[in-house]
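One-letter residues, chain by chain:
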Amino acid sequence: MLKFIDGFKGSLLKHLQTTDDTLYVTHTAMNALNDLPEGDHVYLTLRYLDRYEVVKFVKDTTLKNGKVPVVRDVLGKGRKNLPAGACVAVDWNSIQLKEFICQTKEDCQ
């Protein structure tokens, strides 16, 4: 089920390449993601200057060592290279809005 983490902000601890499917985030950000119930998910916006990518995190295990497995390029705009220090946030985006409406109406077709 889609969840939203109010006030979630973090940053990448390591460079993210287009081939990576794991983010390395700060301890505080990892703890906030660990608070999600298993099976639930959030969309994370990764941003640096004019580059951004939205990824999906599904909580299926307890996160350790800052490693966060994600589904990349959920908006279909291409995977981006992002440097260490890039912002990681939970922001509204088009895919999240559609899923929220669907979930609220309980009519997901």
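Quick summary incoming for the structure in this document. (Residues numbered from 1 in each chain as written. Predicted model: local features only at pLDDT ≥ 70, side-chain atom pairs only at ≥ 80, totals over all residues. Heavy atoms only, no water.)

1. Observations regarding the packing of aromatic side chains
On inspection of all chains with the given rule, the structure shows two aromatic pairs. With a centroid separation of 5.4 Å and an interplanar angle of 20°, the aromatic rings of F4 and W92 are classed as stacked. Of this pair, F4 sits in the segment before strand 1 (9-11) while W92 sits in the loop between strand 6 (87-89) and helix 2 (94-105), placing them 88 residues apart in sequence. Classification of W92 by relative accessible area gives partly exposed; the value is 48%. Here W92 and F100 contribute two aromatic rings whose centre-to-centre distance is 5.5 Å and whose plane-to-plane angle is 80°, an arrangement assigned as edge-to-face. When its relative accessible area of 39% is taken as the criterion, F100 is described as partly exposed. These aromatic residues form a ring-pair network of at least three members: F4, W92 and F100. The ring of Y24 carries K14 above its face, with NZ or CZ at 4.2 Å from the centroid. (Phe/Tyr/Trp six-rings, centres within 6.5 Å; stacked < 30°, edge-to-face > 60°. Helix = DSSP H or I, 4+ residues; strand = E, 2+ residues; numbered from the N terminus. Buried < 20%, exposed > 50% of the residue type's maximum accessible area, 1.4 Å probe, protein only. Lys NZ or Arg CZ within 6 Å of the ring centre and 35° of its normal.)

2. Comments concerning the pattern of salt bridges
Taken as a whole and assessed by the stated rule, the structure comprises four salt bridges. The salt bridge involving R47 is made with D91; its shortest N-O contact spans 3.8 Å. Of the two residues, R47 sits in strand 3 (residues 41-48) while D91 sits in the loop between strand 6 and helix 2, which places them 44 residues apart along the sequence. Of the residues examined, R47 reaches a relative accessible area of 38% and is grouped as partly exposed. The class for D91 is partly exposed, based on a relative accessible area of 26%. Here R72 makes a salt bridge to E53, at a shortest N to O gap of 2.7 Å. Here R72 is found in the loop between strand 5 (67-69) and strand 6, whereas its partner E53 is found in strand 4 (residues 51-58), with 19 residues between them in sequence. (Salt bridge = Lys/Arg side-chain N within 4 Å of Asp/Glu carboxyl O.)

3. With respect to helix 1 (residues 27-34)
Every buried residue of helix 1 is accounted for by A29, M30, L33 and N34. Down the axis of helix 1, the smallest arc covering the buried residues is 140°, so these residues share one side. Facing away from the buried side of helix 1, by more than 90 degrees, are the exposed residues H27 and T28. Packing partners of the buried residues in helix 1 comprise strand 1, strand 3, strand 4 and strand 5. (Arc of directions from axis to C-beta. Contact = heavy atoms within 4.5 Å.)

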